[in-house]
Amino acid sequence: MIYLKISNIKLHMDDTEQDAVGEALRIARVPEKELVSSKIMKYSIDARKKDNILKQFTVLLSVKRYQGKHKNVQVLKELPKYTYEITGKDSLNHPPVVVGFGPAGMFCAYLLALNGYRPIIIERGSDVEQRIQDVDDFWRTGTLNPNSNVQFGEGGAGTFSDGKLNTGIKDKVHRIDFVLNTFVQFGAAENITYDAKPHIGTDILCDVVKRMREEIIRLGGSFRFQTQVTDFKIDNGILTAVEINEKEWIKTDLCVLAIGHSARDTFRKLHQRGVFMEQKPFAMGVRVEHLQEMINQSQYGFPDNRLGAAPYKLTYHTKKDRGVYSFCMCPGGYVVNSSSQEGRLCVNGMSYQKRDSANANSAIVTTVTPKDFVTDHPLSGMELQEEIEEKAHGACDGKIPVQCFGDFMNHKKTTALGTVTPCVKGSYEFADLNDILPDYISESIQEAMGYFGTVIQGFDREDTVMLAVESRTSSPVRIVRNEFFESNIQGLLPAGEGAGYAGGITSAAIDGMKIFENIASRFRPFE
């Protein structure tokens, strides 16, 4: 079998994936009778010229024979794939414990189970079936379950988001391919493996997460839901057990700490137990909503969704040397109340697979650095988040604070909406967001929005809807770890976004894979 990778295939916007395969055959001069199979490897939209929007493809052809030559055709003897080795010699006395079943925990646990390590997965929230009910109840009634919500529960915070999988990390060993193909194996659409901006969608991701759990159990792993790690037993700098629900101890040699960026009580316990942590920059701001038709018109030159709901990405540098940028952009999505603590409120963006709501939404956030923190305590950034989330909660008694951009500029509470009606999961109420945000954030966003309006016409319209507060863009804490992925406590392995080593679903999943690889290089599986 010979594999041909044909790149830089440019077609009109009405052409299909099958047309791309046909063009690949033409470029490579391969008769159709020689074709064994075909696969789209990459797909993107080039909308720089609105009067000539192009679809760009890279196609993989499996052929019986090939003797041609073309600058856009690369001959591959074999397909690249993610590989790893089990080289560990030491024995484990107890199964590894994986704390948290977000992307980092999911992929670490999956690989551990796949290779005979029989991991125990501890998740403070509910399984995804119960979690869906808990989240829906919260959005409908405002009654929060502090351990089963948009932040906590099976699948992690990314489950109730857009399920975006794009990442800017370098990947020479094909871990990204493994992550995407694993999601497809458990029910995601195949196009996530080649789309330039892949997303799964909350509705599909919930089923994918459930199937991954079922496979881990089949492979010998076990789950403890509604179970929180509340303490750590450390003897002479070595982890020997973890406490759960303040009443039971589980002995373990290894604890993969994939707790996510919202496990503030766990961060406090870790600091109390002497685990080294340091401050980390993050970003904070608001969600903005625009009509999706307006975004489509700006990006593609027409208002409808024939190319799907259009995304955007915006960046700006203020006169006071702060970065302002769009984050977690959700085409055809919803803004959701994503609170996880009583008396504190934060928002996030979410899309279903079809991305078919009336509005586009995105976080517009500005950089927050340790210079903005009150003290040099490792958890000072986390405390800043809590302080602002308390203001957001208090502004409208637990409802999402909403303001039109024109009123935000004039420091005036909104009294009526314009052309944009919020697409929101949870209740909302009008407020002046300037009363919630620190001045340096408000001023940075006000300055940046004017520039963004020159990039996307109408972005700074007075009736642009703004919602507060977008505070959990990333962890404000990094748990220090060494070349063996261990903290200063032997056997305690911080992982993923909450530990400060990832930013998004794919990068967190990859960090979990790296933790597994390190375990496999040191310890052998159970017999």
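Nothing here was measured: the structure is a model prediction, and the numbers come from that model.

The next subject is the overall build of the chain. A tally of regular secondary structure across the chain gives 11 helices and 24 strands. In summary, the chain has a C-alpha radius of gyration of 24 Å against a globular reference of 24 Å for 527 residues, a match within 12%. With the C-alpha coordinates aligned to their principal axes, the bounding extent of the chain is approximately 65 × 65 × 40 Å. Out of the 527 residues belonging to the chain, those deemed buried represent 57%. In the chain, the proportion of contacts linking residues at least 24 apart, taken out of those at least 6 apart, comes to 73%. Of the accessible surface of the chain, which amounts to about 22800 Å², a share of 46% is contributed by carbon and sulfur atoms. In the chain, which carries 62 positive and 67 negative side-chain charges, the distance between the mean positions of the two groups comes to 7 Å.

Once that is clear, we can look at the sheet that holds strand β22 (residues 465-470). With respect to topology, 7 strands assemble into an open sheet ordered β14-β15-β18-β13-β22-β19-β21, the strand pairing being mixed. At either margin of the open sheet sits one strand with a lone partner, and together these are β14 (315-317) and β21 (428-430). Direction aside, the axes of adjacent strands within the sheet are offset by 30° on average. Pairing between strand β19 (residues 400-404) and β22: 3 bridges, direction antiparallel. Each bridged residue has a counterpart across the sheet, and for Q403 the counterpart in β22 is M466. Across the face of the sheet, helix α7 (residues 292-300) comes into contact with β13 (282-291) and β18 (359-368) while running at roughly 95° to β13.

It is worth spelling out helix α10 (residues 439-455) at this point. When the terminal C-alpha atoms of α10 are compared, their 25 Å separation across 17 residues agrees well with the 24 Å that a helix rising 1.5 Å per residue should span. Within α10 the residues assigned to the buried category are I441, S442, S444, I445, Q446, A448, M449, F452 and G453. Considering only its buried residues, α10 is in contact with β13, β14, β15 (323-330), β18, α9 (405-409) and β22.

V286, Y312, I445, F452, F459 and M466 are the most contacted members of the largest nonpolar core, which totals 49 residues. Sequence-distant contacts of Y312, defined by excluding residues within four places in its chain, comprise V288, H290, I295, Q299, S326, M329, N361, S362, I456 and F459. Counting 48 residues, the second-largest nonpolar core is a separate cluster that includes Y117, I192, L205 and F516.

A few words on the pattern of salt bridges. Taken as a whole and judged by the stated rule, the model has 28 salt bridges. Between R213 and E129 there is a salt bridge, with its nearest N and O atoms 2.7 Å apart. Taken together, the residues span a long stretch of sequence, with R213 in helix α5 (residues 202-218) and E129 in helix α3 (residues 128-141) at a distance of 84 residues. Taking relative accessible area as the criterion, R213 reaches 10% and is therefore assigned buried. When salt bridges with common partners are traced through the structure, they connect E129, E154, K210 and R213 into a single cluster.

Attention shifts here to the pairing of β15. Burial of β15 is extensive: 6 of the 8 residues sit out of reach of the surface. With 3 bridges joining them, β14 and β15 adopt antiparallel strand pairing. Bridging from a neighbouring strand, T315 pairs with Y325 of β15. Here 5 bridges tie β15 to β18, and the two strands are oriented antiparallel to one another. Counted as the bridge partner of S326 is I364 from β18.

Glancing now at the pairing of strand β1 (residues 2-12). Note that β1 and strand β3 (residues 54-63) share 9 bridges and pair antiparallel. Bridge pairing in β3 places K5 opposite L60. Relative to strand β4 (residues 73-76), β1 is paired through 4 bridges, and the arrangement is antiparallel. Bridge pairing in β4 links K5 to Q74.

The residue after A468, namely V469, is reached through a cis peptide bond having omega 5°. Mapped onto the secondary structure, V469 falls in strand β22. Even without being glycine, R118 reaches a positive phi, approximately 50°. Following the sequence through the fold, R118 ends up in the loop between α2 (103-114) and β6 (120-122). The partly exposed category is assigned to R118, whose relative accessible area is 36%.

Turning to the state of the cysteines, a few remarks are in order. When the sulfur atoms of two cysteines share a covalent bond, that bond is a disulfide. If you walk through the whole model with that rule in mind, you get 0 disulfides. Free cysteine: C255, not disulfide-bonded; nearest cysteine sulfur from C108 at 10 Å. In this structure C396 is not part of a disulfide, and its nearest cysteine sulfur, from C404, lies 13 Å away.

A few words now on helix α6 (residues 264-272). Here α6 has its buried residues at R264, T266, F267, K269 and L270. In the segment just after α6, G274 is the residue with positive phi, at about 85°.

Time to look at the packing of α2 against helix α11 (residues 505-522). Running from N to C, α2 and α11 point in directions that differ by 35°, and their axes come no closer than 7 Å. Helix-helix and strand crossings are classified by hand; for α2 and α11 the assignment is right-handed. Note on element contacts: α11 touches α2 through I505, A508, A509, G512, M513, I515, F516 and I519, opposite P103, A104, F107, C108, L111 and L112. Counted by class, the contact of α2 with α11 contains 13 nonpolar, 1 polar and no charged residues.

Strand order in the open sheet made by the 4 strands is β2-β3-β1-β4, with antiparallel pairing throughout. With one partner strand each, in any of the chains shown, β2 (35-46) and β4 form the two edges of the open sheet. Averaged over all adjacent pairs, the angle separating strand axes in this sheet is 20°, with direction ignored. Where β2 and β3 come together, 10 bridges link them in antiparallel fashion. Its bridge partner lying in β3, L35 is registered against V63. Lying over the sheet, helix α1 (residues 17-28) contacts β1, β2, β3 and β4, oriented at roughly 120° with respect to β1.

What counts and what doesn't
- Residues numbered from 1 in each chain as written.
- Predicted model: local features only at pLDDT ≥ 70, side-chain atom pairs only at ≥ 80, totals over all residues.
- Heavy atoms only, no water.
- Helix = DSSP H or I, 4+ residues; strand = E, 2+ residues; numbered from the N terminus.
- Rg over C-alpha atoms; globule rule 2.2 N^0.38 Å.
- Buried < 20%, exposed > 50% of the residue type's maximum accessible area, 1.4 Å probe, protein only.
- Contact = heavy atoms within 4.5 Å.
- Areas by Shrake-Rupley, 256 points an atom, 1.4 Å probe, with all protein chains shown as cover.
- Lys, Arg positive; Asp, Glu negative; His and termini not counted.
- Charge placed at Lys NZ, Arg CZ, Asp CG, Glu CD.
- Pairing = 2+ DSSP bridges.
- Axes fitted to C-alpha atoms, helices over the stretch in contact; angles between N-to-C directions.
- Expected span 1.5 Å × (residues − 1).
- Core = buried A, V, L, I, M, F, W, Y, C linked by side-chain atoms within 4.5 Å.
- Salt bridge = Lys/Arg side-chain N within 4 Å of Asp/Glu carboxyl O.
- Disulfide = S-S within 2.5 Å.
- Left-handed = near helix turned anticlockwise from the far one by under 90°.
- Nonpolar A, V, L, I, M, F, W, Y, C, P; charged D, E, K, R; others polar.

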